[in-house]
Amino acid sequence: LKLPSRRISSGINAEYGGSQLNVSHSKHREVVIYGPPGLLDDGSEAVQVFIQSRFLRYATPKKASKNRLVEATKVLHFFAMPLEVDEDFVLKLLEDKGCPTPTSISMHKSEVCSAGLLEFDTVEEATDTVAIANHLQGSIKGNRYILKLAFTGKKSMPTGDRAAANTNGDGEKSKSK
């Protein structure tokens, strides 16, 4: 399971909140919890343990080999959203959480879920959005979701996939640049 070490040694080219992100190896071989973790101000648990989660990406060498190293770019992929989700829902969700507004959004629906691409003006805006909104949980029309965001590695969205996320002069959402 060498992928985490490889990721750390290759460095991270991203900023968050105006500061360069620094990642380094832990001094511990495993997660160490000192004393009872307690509760956060909102009443939720301060620590959650995901070691048994089926979504743990480094649980086996086979799972770890599927992870790809992707540098931070201004294009994000979002996925695993319910079919009821549309562009307006995603934009409102990001706005409500205080994320930067994407310049373009592209939705794709399969038989089971909605996914798409978000393009921002800068890599920093995309990084801020990942830091704020990745793994947001909620529900729409009774269907629960966890918003999952990932960098695509693409420098920009393909022209045919673009739909502007801003509004035109009439306050109507514009669908093309």
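Rules of the game
- Residues numbered from 1 in each chain as written.
- Predicted model: local features only at pLDDT ≥ 70, side-chain atom pairs only at ≥ 80, totals over all residues.
- Heavy atoms only, no water.
- Buried < 20%, exposed > 50% of the residue type's maximum accessible area, 1.4 Å probe, protein only.
- Helix = DSSP H or I, 4+ residues; strand = E, 2+ residues; numbered from the N terminus.
- Arc of directions from axis to C-beta.
- Polar contact = N/O pair within 3.5 Å; in protein donor to acceptor, adjacent residues only side chain to side chain.
- pLDDT = per-residue confidence, 0-100.
- Contact = heavy atoms within 4.5 Å.

**Quick notes on helix 4 (residues 123-133)**
Those residues of helix 4 lying buried are A126, T127, T129, V130 and A133. Considered in projection along helix 4, the buried side chains sweep an arc of 160° and stay on one side of the axis. Directly after helix 4, the chain includes H135, whose backbone phi takes a positive value near 70°.

**Here's the deal with the side chain of S106**
Relative to the helices and strands, S106 is located in strand 4 (residues 104-109). A distance of 3.1 Å separates the side chain of S106 from the side chain of H108, its partner in a polar contact.

**Points about the confidence of the model for the protein**
A residue-level look at the protein finds 73% of positions with pLDDT of 70 or above and a mean pLDDT of 78. Across residues 1-10 the pLDDT falls below 50, and counting only partners more than four positions away or on other chains, this stretch makes 18 contacts in the model. The low-confidence segment residues 166-177 (pLDDT under 50) makes 20 contacts with residues lying over four places distant or belonging to another chain.

**Overview of the side chain of S114**
Looking at the secondary structure, you find S114 in strand 5 (residues 114-119). At 3.0 Å, the side chain of S114 and the side chain of K109 are in polar contact. In contact with S114, other than residues within four places in its own chain, are F79, A80, M81, P82, L83, V85, M107, H108 and K109.

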